[in-house]
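For reference, the chains in residue letters:
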Amino acid sequence: MSKTFTDLQKRIMARAIAQSASETLYLREGHIASCKSLIKKGFIDQHCYTMVQTHHVTPEGKAAFFAEHGDVFAIHDIYDNCWIIFEDRKVIAKPRSEENAQRIVAALKVLREQERLEQKTAA
């Protein structure tokens, strides 16, 4: 399967999806070209320029973003502030280090597997 997003585009999408409605992601330099590419693909609203808010991400953009990842995953923030951890399309945590991000992802995957096993035995 071919990749829909570049690494930078993934980081832009992750940050835009993860931030609250009142936050704005300010793009600069090379980020703007990546954003324009996302606009051309229909993943970000065409009225977005150099400032991205969560409402600029289109439903198609969210669907494509989450389709490329598993149920639990971490992506490095675009400005290297933290790692953004998603589980079932929701932001779970924003740890500062990659090590902590990977530990949280691993723990969530183990927990999900335990929940599946418990559901099987209960059925």
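Residues numbered from 1 in each chain as written. Predicted model: local features only at pLDDT ≥ 70, side-chain atom pairs only at ≥ 80, totals over all residues. Heavy atoms only, no water.

Engineer: What am I meant to see in helix 1 (residues 7–18) here?
Structural biologist: It helps to recall that an α-helix has 3.6 residues per turn; residues three or four apart then point in one direction. Here helix 1 is 12 residues long and its end C-alpha atoms lie 16 Å apart, about the 16 Å a rise of 1.5 Å per residue gives. With respect to burial, helix 1 is a largely interior element, 10 of its 12 residues being buried. Q9, K10, R11, I12, M13, A14, R15, A16, I17 and A18 are the residues of helix 1 that are buried. (Helix = DSSP H or I, 4+ residues; strand = E, 2+ residues; numbered from the N terminus. Expected span 1.5 Å × (residues − 1). Buried < 20%, exposed > 50% of the residue type's maximum accessible area, 1.4 Å probe, protein only.)

Engineer: Just to check I follow, could you spell out the packing of helix 1 against helix 2 (residues 30–40) for this structure?
Structural biologist: Helices that pack against each other are described as a pair by the angle of their axes relative to one another and the distance between those axes. Close contact between helix 1 and helix 2 brings their axes to 10 Å; oriented N to C, the two are set at 80 degrees. Comparing the axis directions of helix 1 and helix 2 gives the class roughly perpendicular. Of helix 2, the residues touching helix 1 (which contributes L8, Q9, I12 and M13) are G30, H31, S34, C35, S37 and L38. Counted by class, the contact of helix 1 with helix 2 contains 5 nonpolar, 5 polar and no charged residues. (Axes fitted to C-alpha atoms, helices over the stretch in contact; angles between N-to-C directions. Parallel < 35°, antiparallel > 145°, perpendicular 65-115°, else oblique. Contact = heavy atoms within 4.5 Å. Nonpolar A, V, L, I, M, F, W, Y, C, P; charged D, E, K, R; others polar.)

Engineer: I'm lost on the sheet that holds strand 5 (residues 90–93) in this one. Help?
Structural biologist: If you walk across this open sheet you meet the 3 strands as 3-4-5, and the pairing is antiparallel. Looking at the sheet topology across the chains shown, the edges are occupied by strand 3 (72–76) and strand 5. On average, adjacent strands in this sheet sit at an angle of 40 degrees to one another, irrespective of strand direction. (Pairing = 2+ DSSP bridges.)

Engineer: I tried to follow the packing of helix 1 against helix 3 (residues 59–67) on my own but got confused; where do I start?
Structural biologist: The geometry of helix 1 relative to helix 3 is characterised by a closest axis approach of 11 Å and an angle of 115 degrees between their N-to-C directions. The way helix 1 lies across helix 3 gives a crossing that is left-handed. Contact residues: helix 1 offers K10, M13, A14 and I17, while helix 3 offers G61, K62, F65 and F66. Per-class residue counts for the contact of helix 1 with helix 3 are 5 nonpolar, 1 polar and 2 charged. (Left-handed = near helix turned anticlockwise from the far one by under 90°.)

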